[in-house]
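# Tertiary structure, described
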Amino acid sequence: MTNMKRTQQGFTLIELMIVVAIIGILAAVALPAYQDYTRSARSAGLVSAAMSYKTAVDVAVGTGAITTAAGITLGANGVPTAADMQRDVNVETAAVAAGVLTITGTAAVGTASNTLTLSPAIDATNLTVTWTWGGTCVTTGVCKGIPN
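Notes on the structure follow. These numbers were taken from a predicted model, which means no experiment stands behind them. (Residues numbered from 1 in each chain as written. Predicted model: local features only at pLDDT ≥ 70, side-chain atom pairs only at ≥ 80, totals over all residues. Heavy atoms only, no water.)

Moving on, we come to the overall build of the chain. If you tally the helices and strands in the chain, you get three helices and four strands. Scaling as 2.2 N^0.38, a compact globule of 148 residues should have a C-alpha radius of gyration of about 15 Å, whereas the chain reaches 26 Å, well beyond that. Referenced to the eigenvectors of the C-alpha coordinate spread, the extents of the chain come out at roughly 105 × 25 × 20 Å. When the 148 residues of the chain are sorted by exposure, 29% land in the buried category. (Helix = DSSP H or I, 4+ residues; strand = E, 2+ residues; numbered from the N terminus. Rg over C-alpha atoms; globule rule 2.2 N^0.38 Å. Buried < 20%, exposed > 50% of the residue type's maximum accessible area, 1.4 Å probe, protein only.)

Two descriptors summarise a pair of aromatic rings, namely the distance from one centre to the other and the angle between the planes of the rings. Tallying each qualifying case throughout the model produces one aromatic pair. Here the aromatic rings of Tyr 53 and Trp 131 are separated by 6.0 Å at their centres, their planes lie at 75°, and the arrangement is edge-to-face. With a gap of 78 residues between them, Tyr 53 in helix α1 (residues 13-62) and Trp 131 in strand β4 (residues 128-134) connect regions that are remote in the sequence. Tyr 53 gets classed as buried once you look at its relative accessible area, which sits at 0%. (Phe/Tyr/Trp six-rings, centres within 6.5 Å; stacked < 30°, edge-to-face > 60°.)

We now examine α1. Relative to the 74 Å expected for 50 residues at 1.5 Å per residue, α1 spans 72 Å between its end C-alpha atoms, a close match to the ideal helical length. Looking at the residues trailing α1, positive phi occurs at Gly 64, about 85°. (Expected span 1.5 Å × (residues − 1).)

A few words now on a nonpolar patch on the surface. On the surface, Leu 13, Ile 14, Met 17, Ile 18, Ile 22 and Leu 26 cluster together to form a nonpolar patch covering roughly 630 Å² of accessible area. Note that Ile 22 resides in helix α1. (Patch = residues over 30% accessible without salt bridge, like charges linked within 9 Å, V, L, I, M, F, W, Y side chains within 5 Å. Areas by Shrake-Rupley, 256 points an atom, 1.4 Å probe, with all protein chains shown as cover. Salt bridge = Lys/Arg side-chain N within 4 Å of Asp/Glu carboxyl O.)

In structure tokens, the structure reads:
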């Protein structure tokens, strides 16, 4: 009797199927997480634009140049213009009505109607502003890094 040794030449079908299944599971978990991460990263442009508005209004109120929310106008008293806030490619529009800033993001931020609002409450006596953040960007949790 001859002692014949059989050597394995490659992977078996079941081993290959297990590897494919593991890769599929990893992809199913990683892809949604990556999409959330990219939407949040793109929404940073909306937050940045809103912060430039917030800082300018805080300074204007602190110096007495603005005393009411209705007195806030884009491009006046150091407040940035809509074009200044739209320099980020993820910001579609920026507008102010009665002091409330509304920034609309592009479709890359989530949906075309993804908005970020920033509402001031001005105390002209103490020259301070209290801010309220809102919009779909906040309620859906896409916008991160918003200060309290």
